[in-house]
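These are the residues of each chain, in order.
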Amino acid sequence: MIKNYLKIILRFMLRQKGFSFINISGLTIGITCSLLIILYIQDELSYDKFHPDAKRIYRLVFKGVLENKKFSSAQTGTPVSVALKQEIPEVESTLRIASWATFPVRYETKAFTEEKMLLADSNFFNFFNFKLIAGHPDTVLSGERKLVITESAAKRYFGYTGNGDKSPIGKTVMLAQGYPVTVTGIAADPPQNSHIHFSLILSLESWDEARAGSWISNRVATYFKVAPDTPLVSVTSKFNILIEKYVSRELQQLNKIDLDEFKSSGNDLQFFAQPLTDIHLRSQHTDEIEVNNDIQYIYIFGSVALLITILACINFMNLSTARSASRAKEVGVRKVVGADYKKLILQFFLESYFYIGISIFLSFLLVMAIMPVFNVFTNKQLSSALLFKPVFVGIGIVFTILVGLLAGSYPAFYLAHFNPVEVLKGKLRAQLRSYGIRNFLVVFQFVISTVLIIATLVVYLQLRYIQMANIGFEKGNVINILHTKNLEGNGTAFKNELLQNPEITAASYANRLPPNVDWQSVFREVDSGKEYLMSVYEMDTDHLETMRYKLDAGRFFSARVPSDTNAIVLNETAARILGLEKFEGRKLITNYDHDGRAREVIGILKDFNFQSFREPVQPLAVVMGYEPNWEMAIRITRGNEDSKIELIRSIWNKYAPGTPFEYTFLDKNFEAKHTREKRLGQLSLLFTELVIFIACLGLYGLATFTVEQRTKEIGIRKVLGASVQNIVIMINTDFLRPVLIANLIAWPIAGWLMYLWLQEFAYRISFPLWAFILAGVITVAIALVSISFQAIKAGEGNPVDSLRNE
């Protein structure tokens, strides 16, 4: 019986090649998109789970409130780790990690800038499950100036090929401005699905601050592992003891205020335990080791995968029922000769699964073919081999069964219910003319299409707004030079030679440049117990001119005033929060200065955006920095950027020979801050195009269905004088009504979703009401194009052919 059913299915496919092609292509596109999204989500959810003890590992988060401003940092003070281990018995072990990005490294004549260098305690390779290829995990990071490098870094620096060949163990490399360290181990490159990546790990004992730090500073990420079968609450319940014992003592020493007084002013400080496996998707604290993803985007992509699959199934249903007239007599004859209802349903379910099986096979081939492009687009390293792992195969089987049930149920029950007597007389039952289910499917498809069109428009407009928004200074034509500390004593000479060129209009040093001004410290006014958390921006005296910031009141730093090294300039937000509108003679003390000096406020800068557009402008303290500092801003004339870069590079090589020349453009740095949103916009556009294409296939199927159901009606109308135009208008009207209803349903849904998304940005567009109208016009145009082909074909048909059997 099954063999006969398969023969019938193959004959039908060969006889209806166009129908089969559209059906299979629609399902293939939908399933391919869903498979790629499932692979992406599976990878995102797998982060940090490769550690055997992942469920017992937590990261300590330092959070609180300072003068009504909440903060939460992924870093704590350096002494916290030791106290955590000593005073909470349930803590099995602890680990501290510091992260230094874009760090210059040199070995003999080879110089590189490493994107990720960590500093870690000696138990790093015992605490985590990162593989160590050479060296002993107990000793590779024990002591000062010990360095572990990854296998890929060993290949770059030493030509290492494994198996002891050209081993870097024992070799000396130079970090930053001539800090010698010894290579003691080789680690395998960390897996991509880790929230920690590195190319070098330096022993934490090499860092002076690791030995003498503050409890209320943010210096290291602190991890702890609880003993087996230990409830987390038994650890977290003792965090307050640490706060009261150590933090209270430090507050008393620094600010002459005890913890109770501190809290009575509305302030608070506390620790929070964050599970290791939550960090990648559920952590948006400051001072993260890396930029994390957001669980919301996983929900969005998962919803899109589900919706695309449903749309593909709807199209299968529409196209299957659209060909019902050609299958009606087959069903009638089968029922007359004894086929029962269950066997007919089995036949049509087999037919559905046959189509789905072909589509899934083609989808697997497509996924393997486009995986490299998908990896580039999503910044992943997914492998096609994942498709054949037992877990994914199991998911695929369940997915196939569910899609088959969803796509095949309606056609199976619809076709199996045909009345053989009416069918063999040449007519279908009157109730089959009901448009309820078809209109529902049209509305459902176009609700999704309209929501995605509006979402794509809003995301595009917000990204464009971010690119074009006035951020308080001129970010264009500014080159950001990194690691200018490598200039050492040549900083002033390098800067002066730059300024001799007419293509360079200004240059200055800073600790960090926008939008990455993220150094923070606590400030308070002299003789005041109120503390404020502010960002710290080190500048030289030329920075105001170089960046074209605007002074609101007072003056800026001057090289002719030696006391300005102890002065401070605030932005408008900081002055407002501190109540320093009249700042003459006012002084501030900060933890940023370890000597407890009082800095006099000499000026107020107009607010400018120095971080992400997600947050409003934060309070900012500007102090005099060193020359050279960590970074440099160079303002150039417009045009010919490549030649100017080469000019700067040649001068750099003169004053910092043998060190890497690293640069970015300031406006590109702002764009990079919103890579996640940009990727969302690209994905929204891609998903919208796919959904519209699938909706077009669905409408084509429904138009075919309608024309087949109304063939005789159309013939009679033509005999009575109806023109092709009248027929086209009649058929289009039937479909435009549900499309317009879909828009009315989609508009509030899209408006609500995009309102929530825009709330994530402190600087955002006003919601474009015209986007609703444009989405309506687009969906109506799509409907007209999709339907008109079948409508014109029906209108041009010969009425004699449709009325011949009457």
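Above this text you will find the structure in question.
The present account deals with the structure reproduced in this document.

What counts, and where the lines are drawn
Residues numbered from 1 in each chain as written. Predicted model: local features only at pLDDT ≥ 70, side-chain atom pairs only at ≥ 80, totals over all residues. Heavy atoms only, no water. Phe/Tyr/Trp six-rings, centres within 6.5 Å; stacked < 30°, edge-to-face > 60°. Helix = DSSP H or I, 4+ residues; strand = E, 2+ residues; numbered from the N terminus. Buried < 20%, exposed > 50% of the residue type's maximum accessible area, 1.4 Å probe, protein only. Lys NZ or Arg CZ within 6 Å of the ring centre and 35° of its normal. Arc of directions from axis to C-beta. Core = buried A, V, L, I, M, F, W, Y, C linked by side-chain atoms within 4.5 Å.

Observations regarding the packing of aromatic side chains
Under the defined criterion, the tally for this structure stands at 40 aromatic pairs. Relative to Phe772, the ring of Trp747 lies with its centre 5.8 Å away and its plane at 40°, an arrangement referred to as tilted. With Trp747 in helix H23 (residues 724-758) and Phe772 in helix H24 (residues 770-795), the pair connects residues that are 25 residues apart, well separated along the chain. A residue is classified by how much of its surface remains accessible, and Trp747, at 24% relative accessible area, is partly exposed. Feature note: the residues Phe50, Phe124, Phe125, Phe127, Phe128, Phe130, Phe198 and Tyr223 constitute an aromatic cluster, connected by ring pairs. Sitting above the plane of the Phe127 ring, Lys225 keeps its charged end 4.9 Å from the centroid. The ring of Trp630 is capped by Lys485, whose NZ or CZ atom sits 5.4 Å from the centre of that ring.

Quick look at unusual backbone geometry
Across the junction of Pro514 and Pro515, the peptide omega takes the value 5°, indicating a cis bond. Among the structural elements, Pro515 can be located in the loop between strand E13 (504-510) and strand E14 (520-525). That bond from Glu627 to Pro628 is cis: its omega, 5°, falls within 30 degrees of zero. In this structure, Pro628 sits in the loop between strand E20 (620-624) and strand E21 (631-636). Despite not being glycine, Asp48 shows a phi value in the positive range, around 70°. Along the chain, the position of Asp48 falls in the loop between helix H2 (17-45) and strand E1 (57-66). Look at Asp287: it is not a glycine, yet its phi comes out positive at around 65°. By the secondary structure assignment, Asp287 is in the loop between helix H9 (279-282) and helix H10 (295-322). Judged by its relative accessible area of 25%, Asp287 falls in the partly exposed class.

Description of helix H5 (residues 151-158)
Of the positions making up H5, those classed as buried are Ala153, Ala154, Tyr157 and Phe158. With its buried residues spanning 100° around the axis, H5 presents them on a single face. One or two positions beyond H5, positive phi appears at Gly159, with a value near 70°.

Quick word on the nonpolar core
Counting residues in hydrophobic clusters, the biggest one holds 118 residues, and the most contacted among them are Phe301, Phe446, Tyr537, Met547, Tyr549 and Ile731. Top contributing element to this core by residue count: helix H15 (residues 436-468), with 17 residues. Counting 29 residues, the second-largest nonpolar core is a separate cluster that includes Leu66, Ile88, Tyr246 and Val247.

Here's the deal with the environment of Glu351
Positionally, Glu351 belongs in helix H12 (residues 341-378). On the accessibility criterion, Glu351 (7% relative accessible area) is buried. Sequence separation of Glu351 and Leu10 is 341 residues, and the distance between their C-alpha atoms is 9.2 Å.

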